[in-house]
Amino acid sequence: MRPDLSGIDPLHLNLATRFCVGDLLTRTTQLFAHRTAIVDREEEISYGRLNAAAEAVGRGLLDAGVRRQEPVAFLLGNSWRFAATFFGCAKAGLVALPVNLMLPPDDIAWILSDSGTRTVVADPAFVPLLEAVLPSLPAITTVVLTGDDAPASIAGRQVLRWDDVAADPTPLEVMVSDRDTLHCLYTSGTTARPKGVLTSHLSVYVAVLSNALQVEHRRGDEFSVLPIVLPLFHTTALDTLLLPTLLTGGTVILPGGFEPDAFLELVERRSATHIVLLPMMYGALLTSPAIRTRDLSSVRLCIYAMAPMPQERIEQVAAAFPNAKVLLGSGQTECVPATVFQWPSHQDTKAASWGPSTVTVDTRIMDPSGRLLPSGQPGEIVYRGPHVMSGYWNNPAANTAAFAHGWFHSGDVGHLDSEGVVWFTDRVKDMVKTGGENVSSVEVERVLLSSPEIVEAAVIGVPDDRWGEAVTAVVVAADPDVDTAALTERLLAHCRQHLAGFQVPKRIDIMTGLPKTATGKIQKATLRQQYRA
């Protein structure tokens, strides 16, 4: 059965029925226009101001010639203007493309080229980067620059002031479909080049609702206060932290960085209710003298992500935040986090697990033939549900592999226990997760092997209390009599020149040979076992 809608303007029907992330901010503003939505350093931005700016940015980008479902690249640090630009793209039916600012210039240039970007919104700090990469990117025609002063052009490209683009706050009403792409987030994965993950409004909105339920955001007078120190260009900070807080009328604090003493002072002064940090950040908090003097009783939930924490540290965090549960949340860019999340009872009983599926995700274990496995048997972790991406941009082969057998394939190996809790074992493809960043072992190996002093290289992740996993390189030198200490320093300098900081190995070991299969393939699993032993 279907209704006869022939007498209704399609735009009117769309406005009345759609699932658009841009409308999330509109609805919250209707109730909480004067409440502080974002504290940017110490500048307080109300919901009314944020929403008006988002409407204006969306309208301004359309007026500047950006077409429906066209990407708009962000070279923006954490700020309220990042949020306003993101919501502006959502309201206008454009694709937000926040770029990982920690990538080297070559990868950023490749992303801008691969995505077909014509318009870039940037902070002034990234003008030198744009001057370096724009000559090789003829498709980019317009740069929108935040800040008070802007040059007339950058590398011959038109420059518009963000404040001028965001000049008309008249509510924007254009067609936005549920399955339109909301954002494109590039993830390095295990390949030499990043992959663009396309995610729809529906996927993100459902995940936002799920996350708000999972972490117990309260709507009304007892709203959440959440400091965000993770970068908003990541799905974790954007989709898991920022959007659920704004959905429920909470206040997001953007301190502009992480420094333990200052963070603890902020938590006390702003009465934060939720904090989300990497394990190494919790470690830094615990070593700060301020942990013993600050009133941290307002915090209800301490979430850690990207890597597990040892039980001893979990207990220390719980003691420092006396009213908070300490729980792990997990997910990945291709399946909007969190896909699995621990229950409070798991803090003590299953702290090493990933927890069970969230309410809108189905998580199973699959063998290579596509057979779903019973509890206790290891295999690849696969997902179904609206959180799952629409697909990779410009990469049909990767899409075919990702959706084989009617499930999204995570590339992770683990098992389910009898209670449906997910236990992670290893990565199918040797990706290293260090300090919250995904590092392609292939890319690091490529840089190492570009040195004439190296004949073989293998890069693995070694468990580390600070980084979660430390990028570790094992190499074979061309000269067996080389001074290994001097060679190590030269290789580190070589890596620093060609890789982002988080990709540079924390350790390089020089060996006479690497373990291999009969066909000559390096056995990384054997190397990992040796290092963990």
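What you see is a predicted model, and the numbers here were worked out from it, not measured in a lab. (Residues numbered from 1 in each chain as written. Predicted model: local features only at pLDDT ≥ 70, side-chain atom pairs only at ≥ 80, totals over all residues. Heavy atoms only, no water.)

> Sorry if this is basic, but what is going on with the overall build of the chain here?
When its secondary structure is counted, the chain shows 17 helices and 26 strands. A compact globule built from 533 residues should have a C-alpha radius of gyration of about 24 Å, and the chain, at 24 Å, falls within 12% of that. The principal-axis extent of the C-alpha atoms belonging to the chain is close to 75 × 60 × 55 Å. In the chain, which comprises 533 residues, the proportion classed as buried is 57%. The contacts in the chain between residues at least 6 apart in sequence include a share of 66% that link residues at least 24 apart. As presented, the chain carries roughly 21700 Å² of accessible surface, and 53% of it is formed by carbon and sulfur atoms. (Helix = DSSP H or I, 4+ residues; strand = E, 2+ residues; numbered from the N terminus. Rg over C-alpha atoms; globule rule 2.2 N^0.38 Å. Buried < 20%, exposed > 50% of the residue type's maximum accessible area, 1.4 Å probe, protein only. Contact = heavy atoms within 4.5 Å. Areas by Shrake-Rupley, 256 points an atom, 1.4 Å probe, with all protein chains shown as cover.)

> Explanation requested: helix α3 (residues 47–63) in the structure shown.
The periodicity of an α-helix, 3.6 residues per turn, causes residues three or four positions apart to be oriented the same way. Look at α3: 24 Å from first C-alpha to last across 17 residues, which is about the 24 Å you get at 1.5 Å a residue. Judged by how many residues are buried, α3 sits mostly within the fold: 12 of 17 residues are covered. Along α3, the residues that are buried comprise Tyr47, Leu50, Asn51, Ala53, Ala54, Glu55, Ala56, Val57, Gly58, Arg59, Gly60 and Leu61. Just past α3, the residue Gly65 takes up positive phi, approximately 105°. (Expected span 1.5 Å × (residues − 1).)

> Would you explain the sheet that holds strand β15 (residues 325–332) in this entry?
The pairing of strands in a sheet happens through backbone hydrogen bonds and is either parallel or antiparallel. Taken together, four strands build an open sheet; the order of strands is β13-β14-β15-β16 and the sheet is mixed. Looking at which strands have only one partner, the edges of the open sheet turn out to be β13 (274–277) and β16 (335–341). The average angle at which neighbouring strand axes cross in this sheet is 30°, direction not considered. On top of the sheet, helix α11 (residues 279–287) reaches β13 and β14 (301–304); it is set at about 115° to β13, its chief contact. (Pairing = 2+ DSSP bridges. Axes fitted to C-alpha atoms, helices over the stretch in contact; angles between N-to-C directions.)

> How do you make sense of the sheet that holds strand β26 (residues 507–511) when you look at a structure like this?
If you trace the three strands from one edge of the open sheet to the other, you get β24-β25-β26, paired in mixed fashion. Looking at which strands have only one partner, the edges of the open sheet turn out to be β24 (454–464) and β26. Direction aside, neighbouring strands of the sheet carry axes that sit 25° apart on average. Here strand β25 (residues 468–477) runs beside β26; their pairing, made up of five bridges, is parallel. What sits directly across from Val474, in β26, is Asp509. Contacting β24, β25 and β26, helix α16 (residues 484–498) crosses the sheet at an angle of about 135° to β26.

> What is the right way to read α16 from this model?
Its 15 residues give α16 an end-to-end C-alpha distance of 21 Å, which sits within 8% of 21 Å, the value for a rise of 1.5 Å per residue. Three or more residues of α16 are buried, namely Leu487, Thr488, Leu491, Leu492, His494 and Cys495. Projected down its long axis, α16 carries its buried residues within an arc of 160°, all on one side. In α16, the exposed positions angled more than 90 degrees off the buried face are occupied by Ala485, Arg496 and Gln497. The inward-facing, buried residues of α16 abut α15 (441–449), β24, β25 and β26. Capping the start of α16, Asp483 holds a side-chain oxygen 3.1 Å from the backbone nitrogen of Ala485, two or three residues further along. (Arc of directions from axis to C-beta. Polar contact = N/O pair within 3.5 Å; in protein donor to acceptor, adjacent residues only side chain to side chain.)

> Just checking my understanding: could you explain the packing of helix α2 (residues 21–32) against α3 for this structure?
When two helices pack together, their arrangement is given by the angle between the helix axes and the distance between those axes. Interhelical geometry of α2 versus α3 gives an angle of 145° and a closest axis separation of 9 Å. Here α2 and α3 pass one another in a crossing that is left-handed. The segment α2 lies against α3, with Leu25, Thr26, Thr28, Thr29 and Phe32 engaging Tyr47, Gly48, Leu50, Asn51, Ala54 and Glu55. Here the residues of the contact of α2 with α3 sort into five nonpolar, five polar and one charged. (Left-handed = near helix turned anticlockwise from the far one by under 90°. Nonpolar A, V, L, I, M, F, W, Y, C, P; charged D, E, K, R; others polar.)

> Would you mind going over the nonpolar core with me for this structure?
Soluble, globular proteins show a tendency: their nonpolar side chains are buried together. With 106 residues, the main nonpolar core has Ile38, Leu50, Leu242 and Phe321 as its most contacted residues. No other element matches the nine residues that helix α4 (residues 80–92) contributes to this core. Listed in part, the 49 residues of the second largest apolar core include Ala109, Phe126, Val159 and Val444. (Core = buried A, V, L, I, M, F, W, Y, C linked by side-chain atoms within 4.5 Å.)

> Explain the pairing of strand β9 (residues 181–187) here, please?
Extensive coverage of β9 is indicated by the burial of seven of its seven residues. Sheet analysis places β9 next to strand β10 (residues 195–200), joined by six bridges and oriented antiparallel. Directly across from Thr187, in β10, lies its bridge partner Lys195.

> Hey, could you run me through the pairing of β25 in this one?
For a regular strand, the rule is simple: side chains alternate between the two faces of the sheet. Most of β25 sits inside the fold, with 10 of its 10 residues counted as buried. Sheet topology places β24 next to β25; 10 bridges connect them, and they run antiparallel. Note on β25: the bridge partner recorded for Pro463 is Glu469. Here β24 folds back onto β25 in antiparallel fashion, the turn holding three residues. Note on the crossover from β25 through α16 to β26: the handedness is right-handed. (Right-handed = clockwise from strand over helix to strand, strands pointing away.)

> I keep staring at the environment of Val471 and nothing clicks. Help me out?
As for its position among the elements, Val471 is in strand β25. Taking the relative accessible area as the measure of exposure, Val471 reaches 0% and is therefore buried. Through-space distance from the C-alpha of Val471 to that of Phe502 is 8.5 Å; in sequence the pair is 31 residues apart. Contacts of Val471, omitting those with residues within four sequence positions, involve Val432, Thr434, Val439, Val459, Ile460, Phe502, Gln503, Val504, Pro505, Lys506 and Arg507.

> Please explain the state of the cysteines as it appears in this structure.
Here, disulfide denotes a covalent bond that connects the sulfur atoms of two cysteines. This structure, assessed with the given rule, holds zero disulfides. For the unlinked cysteine Cys20, the closest cysteine sulfur is that of Cys89, found at 11 Å. With no disulfide partner, Cys335 has as its closest neighbouring cysteine sulfur the one in Cys184, 17 Å distant. (Disulfide = S-S within 2.5 Å.)

> How should the packing of helix α8 (residues 201–214) against helix α9 (residues 235–247) be read in this particular structure?
Following both chains from N to C, one finds α8 and α9 inclined at 75°, their axes separated by 9 Å at the closest point. Our classification of the angle between α8 and α9 gives roughly perpendicular. Across from Val204, Tyr205, Val208, Leu209, Asn211 and Ala212 in α8, the residues of α9 making contact are Asp239, Thr240, Leu243, Pro244 and Leu247. Considered class by class, the residues forming the contact of α8 with α9 number eight nonpolar, two polar and one charged. (Parallel < 35°, antiparallel > 145°, perpendicular 65-115°, else oblique.)

> How should I be thinking about the packing of aromatic side chains in this particular structure?
Within a pair of aromatic rings, the relevant descriptors are the distance that separates the centres and the angle that separates the planes. Inspection of every chain in the model, using the stated rule, returns eight aromatic pairs. Where Trp80 meets Trp162, the ring centres are 5.6 Å apart and the plane angle is 85°; that geometry is what we call edge-to-face. Placement of Trp80 in helix α4 and of Trp162 in helix α7 (residues 162–165) is noted, with a sequence separation of 82 residues between them. Exposure remark for Trp80: the relative accessible area of 4% places this residue in the buried category. On the basis of an interplanar angle of 90° and a centroid distance of 6.3 Å, the ring pair of Trp110 and Tyr186 is categorised as edge-to-face. In this pair, Trp110 is assigned in helix α5 (residues 105–114) and Tyr186 in strand β9, connecting sequence segments 76 residues apart. Note on Trp110: relative accessible area 26%, which makes it partly exposed. The ring of Trp467 has Arg466 lying over it, and the distance from NZ or CZ to the ring centre is 4.8 Å. (Phe/Tyr/Trp six-rings, centres within 6.5 Å; stacked < 30°, edge-to-face > 60°. Lys NZ or Arg CZ within 6 Å of the ring centre and 35° of its normal.)

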